[in-house]
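A structural walkthrough
Each chain is listed here by its residues.
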2 protein chains.
Amino acid sequence: MSYTAPVKDLLFNMAHLAELDSLTQIPAFADAGLDTAQAVLEECAKLCQDVIAPLNHAGDKNPSSWADGQVTTTPGFKEAFRQYVEGGWQGLVHPTEFGGQGLPKVIAAACQELVNSANLSFALCPLLTDGAIEALLTAGSDELKTRYIPKMIDGSWTGSMNLTEPQAGSDLALVRTRAEPQGDGTYKVFGTKIFITYGEHDMAENIVHLVLARVPGAPAGVKGISLFVVPKFLVNGDGSLGARNDVHCVSIEHKLGIKASPTAVLQFGDHGGAVGYLVGEENRGLEYMFIMMNAARYGVGVQGLALSERAYQQAVAYAKDRVQSRPVDGSQPGAATIIHHPDVRRMLMTMRALTEGCRAMASVAAAAYDRTHAAGDKQAQAFYEFLVPLVKGYSTEASHEVTSLGVQIHGGMGFIEETGAAQHYRDAKILTIYEGTTAIQANDLVGRKTLRDGGQYARSIAALVEATELELAQGGEAAHAVRANLSHARQAYLAVVDYMAEQGKSNPNAVFAGSVPYLMLAGNLVAGWQLARSLLVAEKELAAGQDAAFMQAKITTARFYAEHILPRTAALRDAVLNGAGSALALPLEAF
Amino acid sequence: MSYTAPVKDLLFNMAHLAELDSLTQIPAFADAGLDTAQAVLEECAKLCQDVIAPLNHAGDKNPSSWADGQVTTTPGFKEAFRQYVEGGWQGLVHPTEFGGQGLPKVIAAACQELVNSANLSFALCPLLTDGAIEALLTAGSDELKTRYIPKMIDGSWTGSMNLTEPQAGSDLALVRTRAEPQGDGTYKVFGTKIFITYGEHDMAENIVHLVLARVPGAPAGVKGISLFVVPKFLVNGDGSLGARNDVHCVSIEHKLGIKASPTAVLQFGDHGGAVGYLVGEENRGLEYMFIMMNAARYGVGVQGLALSERAYQQAVAYAKDRVQSRPVDGSQPGAATIIHHPDVRRMLMTMRALTEGCRAMASVAAAAYDRTHAAGDKQAQAFYEFLVPLVKGYSTEASHEVTSLGVQIHGGMGFIEETGAAQHYRDAKILTIYEGTTAIQANDLVGRKTLRDGGQYARSIAALVEATELELAQGGEAAHAVRANLSHARQAYLAVVDYMAEQGKSNPNAVFAGSVPYLMLAGNLVAGWQLARSLLVAEKELAAGQDAAFMQAKITTARFYAEHILPRTAALRDAVLNGAGSALALPLEAF
């Protein structure tokens, strides 16, 4: 169950798909070239492989535990977190003025993949802290920023995001937690928040809770939500820790997966009120939260492909080791390792192709983010925003398939918890749920990203794909095979975009009955498109005599994706175009 | 988490798809008409709903435990098993001369669904006992039959199947357990068996282990395997229990799911040898085991749809209760129950359509079994044998999708173990593995069921589907929609069968790289075909004024299946026809 960081594939994507070289033209990223990326990734790989990965199975067997309001994390987590923050990894993407490294997201996200592959439960703590930092950077006052961000970057404190309440899961309009102004600029916060990841733990001295709550007289619904900082310990003027604030962890959940990461129920204000500090302006909390959430959604997409990579590596190792049955072609007289069996090969290739496709998609998305934020590139912004629901939705749904195949390749041994394959399968299930379910990603794709401009931007994605098809037409045999499948998938996608645009206003139920199939189709297409671009690069590199084995494998993987995964788009198209009626026809009482 | 047996749907299938009326023309089943079926199912439903289902979640929280060679099952299991056997349920399908009821499989399998929906872990004990009875009926001497079968039918004793060894999972050629003849007709058995379901427990006084082992001088490979009865306690001449036999449970596994069902490691012969009795002839064990395994494979397929049904019911209940977000069509000013949201509806319909499709397929398969065994119908035999890998492979793979959607519909609550949705997701994962993985079902479908006669029988299935298409052409609007999709799926299937037949001899690797996609395509088609037949019936019944709500729901479900599930066959076809090259091209060292 060891883990080897796929540094080479990540660097290939950065160099050839995300075009890191062109990113270094932006002054802020002048030093963030391929050499830097490689050095950073190799350093990160060491920490992940040697320190964080070995704690993954231990965290599952011996999860975080709660007693008297305190949460004790798995032995080893605290020390690993120390090494993580001391290495500067928490600040990778954050501004240098607060102690961060100011690296582009395209490099930071690659590191994020490694940490998540190594240990998803562990990685959630830095992920949530990133979100809290992001929220303060977006909307916090200078005082809040200087007081909290450096301590979160150096790992003295961590962050948490407090959105969900028992009656308000996906629907934040239902949030009831209230914040009462105290006249001195502070507020007192009262309410219950659930599903708070790392809402309580022992890995840092303080926890900076970012909390959605309503001020008195706030409008109903999502327009009446404000965002507050509620630290676990109050912070004195000199930055030292003061009194314990009135926020308490009353329990943690018993979960299907990511067991080492504590999921807290937090009670605010049971003993007089938790002191909170407003972030930005009153009633604009949802807006700030959304900025933070977009980063977190991208991050969860990366978790999906990270988990897929880990499951793939474990399945490969097992398939190369386990001896069972003779090869069907009679090439060996006795039993062979199961990687010789065609169906095991097909499963491994499915895992590999989905993982590499999602990784490639995440890489180009991150580069678009960087071009948006460091250079104000509007085109890149539209591209990034279109891709976020695909990175989140498609990569996490794919992780279900990949981790399930990982168990399947292990046969009966996969069902035994000691083997570790089942943990990935259990861990993966949260990824399509938190930070917005797949349906919520699909709503975003349909509503904000497609219908808002009548499908125009969505169609422009197809035009980009078509440009790649033209290049493929100049390529070799594999390129031609990929081109045909990519072209069919693009046409399926366009048919769905047209349908969405046509039905958008008149028939919202039909449109939203097809939203998830549309998302899966779009994600499938974009991932396959990026692998097609990879194939074009690999053919050129191969012709130039570069790294033949790697390039040949890239071509095979891209072709496998095109021949096995892209064809799924036809059924998704059919479901959208023809299936809304039957999806919605059954009367409620017939269920 | 209550459970309601879908008696009406089961009776609909029996009456209209499996044609129970025509089955009663066979003398052995003269009394097994629809009235009998209804009475039996309603009785079974009571036991399952009231006694067995309430133990399901308890079994997951408080699984079987091992201490000093003894296994203690979950509190309540022993008493429930008592009620089960006292009700005569263990003997449902077995011959009356041994105390069974002699009912047709089409009725017994329906009952089996209910027990498995109620509690998969519980149901495994009777399932394994059925297998052991089957093996003895097939190949046991009269003495073995009269000594063991009545006690297994009355539930005093249970059965177990001992195939797997650490080095021999799917590949029984590697079995090493040995049996030494003692000169008195008995043998002494030595070896280790793993993954033995209910190999040790406290629910009955004795356990009849059916064990694969090699006699001295037996040929290597699968042709040198013999089958033995090794009882936990020896049986005296008068049928009373004698000495403890030398078979001991040294541990049970810590598993992803079906936790209440003990999965034993059994050690045979560590203290001088376990006394065993040969079943049938030496070296013919695999042959006998295969007969038993075919029954068990069908049974596991039923487990798949049973689990799907349970997950569906739980998801429906949650979706009707959970309030979250406004309807997208603005039909309600405030938040609605989530069943109003189109994507939740789509997920529920997917769960429902897959479950009903697999149930319909299982029902016609069972009737074919009955026509084979009670009337020697050769055509029915071919049909049954073709369907077994589909019932097993497709229904269990479908259960992954259905149980995953079940968790998804619960959102964050689905990830919390207390909710119970996650248990179904965990339990389902074993179903594609035990009694032969999906790949092994696919090998059976390709090898024995397709290539052996050059694809002739497989093509005849398509002809049957085509006949249904002709009938659909006479039907209403829904029938026409279903016909178009069914026709495409049939053509995809035929293209794959032709490919298999053509490549079978020359290119076994390519054929077996496509075996699972072929199985999934065939299973999808046959389930969709049976729902299409259901639709034809429902249209007629509706026209006749029968049970409008039920019939209308059947039509909607069949149409949903045709519009959302059948189109998946195109991608499966493409993967088979074009995808073998890329599936197999990557050199081993590139993984």
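Here is what the cut-offs are and how they apply
Residues numbered from 1 in each chain as written. Chains lettered and ligands numbered in written order. Predicted model: local features only at pLDDT ≥ 70, side-chain atom pairs only at ≥ 80, totals over all residues. Heavy atoms only, no water. UniProt positions renumbered as here; feature names shortened; annotations may be inferred. Helix = DSSP H or I, 4+ residues; strand = E, 2+ residues; numbered from the N terminus. Buried < 20%, exposed > 50% of the residue type's maximum accessible area, 1.4 Å probe, protein only. Contact = heavy atoms within 4.5 Å. Areas by Shrake-Rupley, 256 points an atom, 1.4 Å probe, with all protein chains shown as cover. Lys, Arg positive; Asp, Glu negative; His and termini not counted. Charge placed at Lys NZ, Arg CZ, Asp CG, Glu CD. Polar contact = N/O pair within 3.5 Å; in protein donor to acceptor, adjacent residues only side chain to side chain. Phe/Tyr/Trp six-rings, centres within 6.5 Å; stacked < 30°, edge-to-face > 60°. Least-squares fit on C-alpha atoms with pLDDT ≥ 70 in both. Salt bridge = Lys/Arg side-chain N within 4 Å of Asp/Glu carboxyl O. Axes fitted to C-alpha atoms, helices over the stretch in contact; angles between N-to-C directions. Parallel < 35°, antiparallel > 145°, perpendicular 65-115°, else oblique. Left-handed = near helix turned anticlockwise from the far one by under 90°. Nonpolar A, V, L, I, M, F, W, Y, C, P; charged D, E, K, R; others polar. Buried area = accessible area lost by both parts, 1.4 Å probe. Pairing = 2+ DSSP bridges. Core = buried A, V, L, I, M, F, W, Y, C linked by side-chain atoms within 4.5 Å. Expected span 1.5 Å × (residues − 1). Arc of directions from axis to C-beta.

Going by the annotation in an unreviewed UniProt entry, the name recorded for chain A is 3-methylmercaptopropionyl-CoA dehydrogenase, with Inhella proteolytica given as the source organism. As its UniProt record puts it under Cofactor (unreviewed entry), chain A is described as follows: "FAD". What UniProt states about chain A under its Function (unreviewed entry) heading is, verbatim, "Involved in the assimilation of dimethylsulphoniopropionate (DMSP), an important compound in the fixation of carbon in marine phytoplankton, by mediating the conversion of 3-(methylthio)propanoyl-CoA (MMPA-CoA) to 3-(methylthio)acryloyl-CoA (MTA-CoA)."

Structural notes on the overall build of chain A
When you go through chain A residue by residue, the secondary structure sums to 19 helices and twelve strands. Based on the C-alpha atoms only, the size of chain A along its principal axes is roughly 75 × 60 × 55 Å. Within chain A, the proportion of its 591 residues that are buried is 64%. Residue pairs in contact within chain A that sit at least 24 positions apart in sequence constitute 74% of those at least 6 positions apart. Summing over all exposed atoms, chain A offers an accessible surface of approximately 19300 Å²; the carbon and sulfur share of this is 51%. Between the mean site of the 47 positive side-chain charges and the mean site of the 61 negative ones, chain A shows a separation of 4 Å.

A short note on the UniProt feature "domain: Acyl-CoA dehydrogenase/oxidase C-terminal" (unreviewed entry) in chain A
In this structure's numbering, the residues bearing the UniProt feature "domain: Acyl-CoA dehydrogenase/oxidase C-terminal" (unreviewed entry) are residues 283-445 of chain A. For the annotated span residues 283-445 of chain A, helix accounts for 73% and strand for 0% of the residues, and the straight-line distance between the end C-alpha atoms is 25 Å.

Things to note about the UniProt feature "domain: Acyl-CoA dehydrogenase/oxidase N-terminal" (unreviewed entry) in chain A
Taken from the UniProt record, the annotation "domain: Acyl-CoA dehydrogenase/oxidase N-terminal" (unreviewed entry) applies to residues 37-155 of chain A. Helix makes up 66% of residues 37-155 of chain A and strand makes up 5%, while its end C-alpha atoms are separated by 23 Å.

Observations concerning the environment of B:Tyr394
All names here are of chain B. Among the secondary structure elements, Tyr394 is positioned in helix H11 (residues 378-409). Look past the residues within four positions of Tyr394 in its chain and what remains in contact with it is Leu354, Cys358, Met361, Pro389, Leu519, Met520, Gly523, Asn524, Ala527, Tyr561 and Ile565. At 2.7 Å, the side chain of Tyr394 and the side chain of Tyr561 are in polar contact.

A short note on the packing of aromatic side chains
All names here are of chain A. With the rule as written, the count across this model stands at 25 aromatic pairs over all chains. Relative to Phe122, the ring of Tyr84 lies with its centre 6.0 Å away and its plane at 80°, an arrangement referred to as edge-to-face. Placement of Tyr84 in helix H5 (residues 77-86) and of Phe122 in helix H7 (residues 120-139) is noted, with a sequence separation of 38 residues between them. For Tyr84, a relative accessible area of 7% puts it in the buried group.

Focus on the relation of the copies chain A and chain B
Both copies of the chain are related by a screw-like operation: a rotation about an axis and a shift along it. Screw-axis analysis of chain A against chain B gives a translation of 0.0 Å along the axis, an RMSD of 0.0 Å, and a rotation angle of 180°. Both copies are brought into coincidence by an operation consistent with a two-fold rotation axis. Relative to the rotation axis, the C-alpha of A:Arg568 is the closest in chain A, positioned 3.4 Å from it. An overlap of 100% is found between the interface residues of chain A and their copies at the interface of chain B, pointing to a shared contact surface.

Concerning the pattern of salt bridges
Opposite charge on two side chains permits them to pair, given that their charged atoms come into close proximity. Within this structure, the stated rule accounts for 53 salt bridges over all chains. Of the charged contacts in the structure, one is a salt bridge between A:Glu309 and A:Arg359, with a shortest N-O distance of 2.8 Å. Of this pair, A:Glu309 sits in helix H9 (residues 285-321) while A:Arg359 sits in helix H10 (residues 342-375), placing them 50 residues apart in sequence. Classification of A:Glu309 by relative accessible area gives buried; the value is 8%. Between B:Glu165 and B:Lys193 there is a salt bridge, with the nearest N and O atoms lying 2.9 Å from each other. In this pair, B:Glu165 sits in the loop between strand E3 (157-162) and strand E4 (178-181) while B:Lys193 sits in strand E5 (residues 186-197), placing the two residues 28 residues apart along the sequence. Exposure class is identical for B:Glu165 and B:Lys193. Each is buried. Bridged by salt links that share partners, the residues A:Asp9, A:Glu113, A:Glu309, A:Arg352, A:Glu356, A:Arg359 and A:Lys554 form one connected network.

Some details on the packing of helix H17 (residues 515-543) of chain B against helix H19 (residues 568-584) of chain B
All names here are of chain B. It is the contact of H17 with H19, at a shortest axis distance of 9 Å, that shows an interaxial angle of 155°. Overall, the two elements H17 and H19 adopt an arrangement that is roughly antiparallel. Pair H17 / H19 crosses with left-handed handedness. On the side of H17, the interface is formed by Pro517, Tyr518, Met520, Leu521 and Asn524, while H19 contributes Arg568, Thr569, Leu572, Arg573 and Val576. Tallied by class, residues from the contact of H17 with H19 come to six nonpolar, two polar and two charged.

A word on the interface of chain A and chain B
At the interface, 83 residues of chain A touch 84 residues of chain B. Surface buried jointly by chain A and chain B totals about 7300 Å² across both partners, of which 64% is contributed by carbon and sulfur atoms. Three residues, A:Phe415, A:Tyr425 and A:Phe591, lead the burial of chain A against chain B; their summed loss comes to 12% of the area buried on that side. The tally of links from chain A across to chain B stands at zero salt bridges. In this structure, the connection of chain A to chain B is made through 37 residue pairs in polar contact (both at pLDDT 80 or more). Broken down by element, the residue count for the side of chain A that touches chain B peaks at nine residues, all from helix H19 (residues 568-584) of chain A. Of the residues in the side of chain A that touches chain B, the class split is 41 nonpolar, 22 polar and 20 charged.

Structural notes on the pairing of strand E12 (residues 274-279) of chain A
All names here are of chain A. Burial of E12 is extensive: five of the six residues sit out of reach of the surface. Across four bridges, strand E5 (residues 186-197) lies against E12 in antiparallel orientation. Note on E12: the bridge partner recorded for Tyr187 is Gly276. Relative to E12, strand E7 (residues 226-231) runs antiparallel, the two being bridged by three bridges. Paired with Leu227 across the strands is Val279, a residue of E12.

Focus: the packing of H9(A) against helix H11 (residues 378-409) of chain A
All names here are of chain A. Contact geometry for H9 and H11: axes closest at 8 Å, N-to-C directions at 25°. One element, H9, and the other, H11, form an angle in the roughly parallel class. The element H9 and its partner H11 pack so that their crossing is left-handed. Of the residues in the contact of H9 with H11, the class split is 15 nonpolar, nine polar and two charged.

Focus: the nonpolar core
Counting residues in hydrophobic clusters, the biggest one holds 386 residues, and the most contacted among them are A:Tyr493, A:Tyr518, B:Tyr493 and B:Tyr518. Discounting chain neighbours no more than four positions away, the residues touching A:Tyr518 are A:Phe386, A:Leu445, A:Val446, A:Thr450, A:Ala458, A:Tyr493, A:Val496, A:Val497, A:Met500 and A:Val576.

A few points about helix H14 (residues 456-472) of chain B
For the α-helix, the turn length of 3.6 residues means that residues three or four positions removed from each other point alike. All names here are of chain B. Its 17 residues give H14 an end-to-end C-alpha distance of 25 Å, which sits within 8% of 24 Å, the value for a rise of 1.5 Å per residue. All buried positions along H14 are accounted for by Tyr457, Ala458, Ile461, Ala462, Val465, Thr468, Glu469 and Leu472. For H14, the buried positions fall inside an angular range of 160° around the axis, keeping them on one side. Those residues of H14 that are exposed and angled more than 90 degrees off the buried face are Gln456 and Leu470. Of the surrounding secondary structure, the elements contacted by the buried residues of H14 are H11, helix H15 (477-503) and H17.

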